[in-house]
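Each chain, letter by letter, is given below.
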Amino acid sequence: MKIGRPTRTYRIEPITDPTSRAAKRKAEARQPAPKAVKLPQAQTPRA
Amino acid sequence: VTAAPDYVEPVVAWRAWKTVRRNGEWRLSSIFAPTPRALWSPRVCLTAECLAWRPPWEWLRPRHEAPDPTCECGIYATSLDALYEFLTPSLIATSGGRHVVLGRVSLWGTVVECDRGWRAALAYPERLFVPALAWRTVDQAASVARDLERYDVPVQLVSGRLEDAFTVVPQLVRPLVLRPAA
């Protein structure tokens with residue numbers, strides 16, 4: 001594949017390994033969305 | 001003390017793979033370097049090696065680390081437009097068949113940026129697209145897509161031939177920022 005001449009070189013060290021990132025993303029996609037939790041209604045203090 | 005990296009996010013760019021049968025399953029392989037060392041294993045990043053020809057009197061010397069800016073070694077990726085120009089039907093036919101998949105790849109480690117793409121030391125697929133008509137039947141293409149799910153990345157079957165996939169896939173993904181922020 002012809003991609004031309006080099007213009008610059010750099011070093012990339014990902015914070016999370018892209019190999020494990022792929023597995024994590026797939027696992028997240030498989031998990032069902034969390035159910036909404038119904039919070040107790042706030043009671044107004046009686047006068 | 002080690003030098004700080006220049007970036008902490010991989011470069012994500014496009015490339016094409018040839019699919020080959022290994023132990024009864026479809027696996028990704030390089031189109032241009034069909035050696036066992038250019039086979040991409042699921043859940044393991046591919047490490048570049050310089051496979052350039054060397055004269056016999058240099059065989060005893062160790063090879064340089066890949067990629068080297070003065071060599072042509074490294075794991076290649078480019079833009080979708082550049083890939084489309086390069087993957088002509090005759091080239092695909094001469095590279096050992098039509099079983100080619102498209103996809104995006106994460107590149108990291110030492111990365112040599114070039115005029116129209118990158119050469120990297122380490123790489124792993126980010127997303128794969130299987131053109132349905134690159135195989136004898138759509139069922140066979142679906143079976144290939146299922147095997148490629150072992151890479152733990154999104155795999156999508158796209159209708160049509162490889163050439164058609166180039167018009168379909170840009171609509172299925174968010175545009176890439178092809179160069180890391182300066």
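Residues numbered from 1 in each chain as written. Chains lettered and ligands numbered in written order. Predicted model: local features only at pLDDT ≥ 70, side-chain atom pairs only at ≥ 80, totals over all residues. Heavy atoms only, no water.

It is worth spelling out the overall build of chain A at this point. In terms of regular secondary structure, chain A is built from 1 helix and 1 strand. Within chain A, buried positions represent 15% of all 47 residues. Summing over all exposed atoms, chain A offers an accessible surface of approximately 4,500 Å²; the carbon and sulfur share of this is 56%. (Helix = DSSP H or I, 4+ residues; strand = E, 2+ residues; numbered from the N terminus. Buried < 20%, exposed > 50% of the residue type's maximum accessible area, 1.4 Å probe, protein only. Areas by Shrake-Rupley, 256 points an atom, 1.4 Å probe, with all protein chains shown as cover.)

Quick look at the overall build of chain B now. From N to C terminus, chain B includes 4 helices and 8 strands. When the elements of chain B are put in sequence order from the N terminus, they spell out β-β-β-β-β-α-α-β-β-α-β-α. The C-alpha radius of gyration of chain B comes to 17 Å, within 12% of the 16 Å expected for a compact globule of 182 residues. For chain B, the spread of C-alpha atoms along the principal axes amounts to about 50 × 40 × 30 Å. Residue burial in chain B is summarised as follows: out of 182 residues, 49% are buried. In chain B, once contacts between residues fewer than 6 apart in sequence are set aside, the share between residues at least 24 apart is 68%. (Rg over C-alpha atoms; globule rule 2.2 N^0.38 Å. Contact = heavy atoms within 4.5 Å.)

This brings us to the interface of chain B and chain A. In this assembly, 38 residues from chain B lie in contact with 23 residues from chain A. Carbon and sulfur atoms supply 57% of the area buried between chain B and chain A, which totals about 2,900 Å² over both sides. Broken down residue by residue, the surface that chain B buries against chain A is led by Tyr 7, Glu 113 and Asp 152 of chain B, which jointly contribute 19%. As a salt-bridge pair, Glu 113 of chain B and Arg 8 of chain A come within 3.5 Å of each other at their nearest N and O atoms. Elements supplying a minimum of two residues to the side of chain B that touches chain A: strand E5 (75-78), helix H1 (80-86), strand E6 (100-114) and strand E7 (117-131) of chain B. (Buried area = accessible area lost by both parts, 1.4 Å probe. Salt bridge = Lys/Arg side-chain N within 4 Å of Asp/Glu carboxyl O.)

So, about a nonpolar patch on the surface. There is a patch of nonpolar side chains on the surface, built from Leu 133, Val 138 and Leu 157 of chain B and spanning about 240 Å² of accessible area. By the element assignment, Leu 133 of chain B lies in the loop between E7 and helix H3 (138-148). (Patch = residues over 30% accessible without salt bridge, like charges linked within 9 Å, V, L, I, M, F, W, Y side chains within 5 Å.)

The next point concerns the state of the cysteines. A disulfide bridge is the covalent bond that connects two cysteines by way of their sulfur atoms. All names here are of chain B. This model, assessed by the stated rule, comprises 0 disulfides over all chains. For the unlinked cysteine Cys 50, the closest cysteine sulfur is that of Cys 71, found at 3.7 Å. By relative accessible area, which is 5% here, Cys 50 ends up buried. (Disulfide = S-S within 2.5 Å.)

In this section: the pairing of strand E2 (residues 25-29) of chain B. Residue and element names in this part refer to chain B. Among the 5 residues of E2, 5 are classified as buried, and the element is accordingly described as predominantly covered. Where strand E1 (residues 11-22) meets E2, 5 bridges bridge the pair, whose relative direction is antiparallel. From the neighbouring strand, Thr 19 faces E2, where its bridge partner is Leu 28. Here E1 folds back onto E2, and the loop between the two strands holds 2 residues, one of which, Asn 23, carries a positive phi near 50°. Summarising the sheet, E2 and strand E3 (residues 39-40) pair through 2 bridges and their orientation is antiparallel. Bridge assignment links Ser 29 to a residue of E3, and that residue is Leu 39. (Pairing = 2+ DSSP bridges.)

Here the focus is H3 of chain B. All names here are of chain B. Three or more residues of H3 are buried, namely Ala 141, Val 144, Ala 145, Asp 147 and Leu 148. In an axial view of H3, the angular spread of the buried residues amounts to 160°, which keeps them on one side of the axis. Of the exposed residues in H3, the ones pointing more than 90 degrees away from its buried face are Asp 139 and Arg 146. Buried residues along H3 sit in contact with E1, E2, E6, E7 and strand E8 (155-158). (Arc of directions from axis to C-beta.)

Do not read the fine detail of predicted coordinates wherever pLDDT is low. Per-residue pLDDT for chain B has a mean of 86; in total, 90% of the residues score no lower than 70. What the predictor reports for the complex is a pTM of 0.82 with an ipTM of 0.81. (pLDDT = per-residue confidence, 0-100.)

Okay, the environment of Ile 31 of chain B next. Residue and element names in this part refer to chain B. Turning to its location among the elements, Ile 31 is positioned in the loop between E2 and E3. Under the relative-accessibility criterion, Ile 31 is labelled buried at 5%. Once the C-alpha coordinates of Ile 31 and Val 100 are considered, the two residues, 69 residues apart in sequence, prove to be 8.2 Å apart.

This brings us to the packing of aromatic side chains. Evaluation of the coordinates by the stated rule reveals 5 aromatic pairs over all chains. When the centroid spacing of 5.1 Å and the interplanar angle of 85° are considered together, the rings of Tyr 10 of chain A and Tyr 7 of chain B count as edge-to-face. Of the two residues, Tyr 10 of chain A is situated in strand E1 (residues 6-12) and Tyr 7 of chain B in the segment before E1; the pairing between them involves two chains. Relative accessible area serves as the criterion here: at 15%, Tyr 7 of chain B is assigned to the buried category. Taken together, a centroid distance of 5.4 Å and an interplanar angle of 85° make the contact between Trp 17 of chain B and Trp 40 of chain B edge-to-face. One end of the pair, Trp 17 of chain B, is in strand E1; the other, Trp 40 of chain B, is in strand E3, with 23 residues separating them in the sequence. In terms of burial, Trp 17 of chain B and Trp 40 of chain B fall into one category: buried. (Phe/Tyr/Trp six-rings, centres within 6.5 Å; stacked < 30°, edge-to-face > 60°.)

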